[in-house]
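Read off the chains here:
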Amino acid sequence: MSRLFLVGVGPGDPELLTRKAERVLREVDVIAAPVTAPSESSQALGIVREFLDERRQHLLPLLFPMSSDRATLEPHWQEACRLVAERVDAGKTVAFITLGDPLFYATSLYLLERMRQDYPEVPVEVVPGVSSISAAAAEGKFTLAEGAERLAVLPATAGEAAISAALQQNDTLVLLKVKPAFGAVMALLDAYPDARLLFAQRVGMADQVILSDRAAIANHQPDYLSLLIVRQTKR
Ligand SMILES: C[S@@+](CC[C@H](N)C(=O)[O-])C[C@H]1O[C@@H](n2cnc3c(N)ncnc32)[C@H](O)[C@@H]1O
């Protein structure tokens, strides 16, 4: 039956795709992939290419520029929804692919929101994915939380006050989107000399970087696909 699937494709390693995600991706008529510029290739598409039959399945790039400004992004979400709804109305199944999990800091959240609003008749199914946090913790064999511990997740762009408060209130803090605030975050962590750190960049990809030495982390230049985990308990 025609519908839209929001499919999490995991952080980078095609083996981290769930069996359900693989089945859906093999079956659908259209693969809709987010790109940040018309000339850019989709990271998510790179992960799933081996499961696709590009002679039968249609690729639909959807443009979402790198911006946190809703006014800039709004027309792109509208256009993406229109393109998807057009295909579902024509009887097609469409999979919108997302890095990691589709309901966790992802473009697919906005697509879901707008689809519900503008095309409520379009059935939507969500296929969860392995998030970059789980994959990073696995690569570093780094405990995220146990027992009654508390774990917080923040974008590093939340600001120093929010990060300090989260560090005081939680055992483990995961910071996503660390690139723009990396220097400030590392400086702030000087006040937590006993905390253990795990830095992960492009986890699951061929060029992944996993670091746990504080000096090595501080000297590294992160890219957009980087996260930092700070853990204040012994284990
Ligand atoms: C828009 S969020 C996407 C999160 C994604 N939906 C998930 O479940 O992992 C983008 C941020 O997630 C983190 N991220 C996503 N993929 C990553 C990867 N392969 N390695 C390290 N961090 C990643 C980075 O912090 C990046 O700035």
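Residues numbered from 1 in each chain as written. Predicted model: local features only at pLDDT ≥ 70, side-chain atom pairs only at ≥ 80, totals over all residues.

## Describing the environment of Leu154
Working step 1: The topology assignment puts Leu154 in strand S6 (residues 151-155).
Working step 2: When the C-alpha positions of Leu154 and Ser164 are compared, they lie 11 Å apart, and in sequence the two are 10 residues distant.
Working step 3: Once residues lying within four places of it in the same chain are set aside, the contact partners of Leu154 are Ala162, Ile163, Ala166, Leu173 and Leu175. (Helix = DSSP H or I, 4+ residues; strand = E, 2+ residues; numbered from the N terminus. Contact = placed C-beta atoms within 7 Å.)

## Some remarks on the pairing of strand S2 (residues 30-35)
Working step 1: One ladder, built from six bridges, connects S2 with strand S3 (residues 58-63); its direction is parallel. Each bridged residue has a counterpart across the sheet, and for Val35 the counterpart in S3 is Leu63.
Working step 2: For the crossover that starts at S2, traverses helix H2 (residues 43-48) and ends in the parallel S3, the hand is right-handed.
Working step 3: Sheet analysis places S2 next to strand S4 (residues 93-98), joined by three bridges and oriented parallel. Counted as the bridge partner of Val30 is Val94 from S4. (Pairing = 2+ DSSP bridges. Right-handed = clockwise from strand over helix to strand, strands pointing away.)

## Remarks on the nonpolar core
A general trend in soluble globular proteins is that nonpolar side chains are found buried together.
Working step 1: Among the nonpolar cores identified, the biggest contains 56 residues, and Val7, Ala95, Phe96 and Leu227 are the most heavily contacted of them.
Working step 2: Looking at this core, the element that brings in the most residues is helix H3 (residues 70-89), giving five residues.
Working step 3: Other than its neighbours up to four places away in sequence, Leu227 contacts Ser132, Ile133, Ala136, Val174, Leu175, Leu176, Val178 and Ala200. (Core = buried A, V, L, I, M, F, W, Y, C linked by C-beta atoms within 7 Å. Buried ≥ 20, exposed ≤ 12 C-beta atoms within 10 Å, placed from the backbone.)

## Some details on the sheet that holds strand S7 (residues 172-176)
To summarise the sheet geometry, strands pair through backbone hydrogen bonds and adopt either a parallel or an antiparallel arrangement.
Working step 1: Taken together, five strands build an open sheet; the order of strands is S6-S7-S10-S8-S9 and the sheet is mixed. Each edge of the open sheet carries a strand with a single partner, namely S6 and strand S9 (209-211). Averaged over all neighbouring strand pairs, the angle between strand axes comes to 15 degrees, with direction disregarded.
Working step 2: Examined bridge by bridge, strand S8 (residues 196-201) and strand S10 (residues 226-231) share six bridges and lie antiparallel to one another. By the bridge assignment for S10, Phe199 is matched with Leu228.
Working step 3: Sheet strands in contact with helix H6 (residues 160-169) are S6, S7 and S10, and its direction is about 170 degrees off that of S6. (Axes fitted to C-alpha atoms, helices over the stretch in contact; angles between N-to-C directions.)

## Some words on the domain arrangement of the chain
Working step 1: The assigned domain composition of the chain is domain 1 (3-127) and domain 2 (132-231).
Working step 2: Averaged C-alpha coordinates put domain 1 and domain 2 at centres separated by 28 Å.
Working step 3: Facing seven residues of domain 1, the contacting portion of domain 2 comprises seven residues.
Working step 4: Split into classes, the residues belonging to the side of domain 1 that touches domain 2 amount to three nonpolar, three polar and one charged. (Domains from an automatic or database assignment. Nonpolar A, V, L, I, M, F, W, Y, C, P; charged D, E, K, R; others polar.)

## Side note on the site of the ligand
Working step 1: Close to the ligand lie 24 residues, the nearest being Pro11, Gly100, Ser131, Ser132 and Leu176.
Working step 2: Where the shell around the ligand is concerned, the elements lending two or more residues are helix H5 (132-140), S8 and S10.
Working step 3: Tallied by class, residues from the shell around the ligand come to 13 nonpolar, eight polar and three charged.
Working step 4: Shared between two domains, the shell around the ligand holds at least three residues of each, these being domain 1 (3-127) and domain 2 (132-231). (Near = placed C-beta within 6 Å.)

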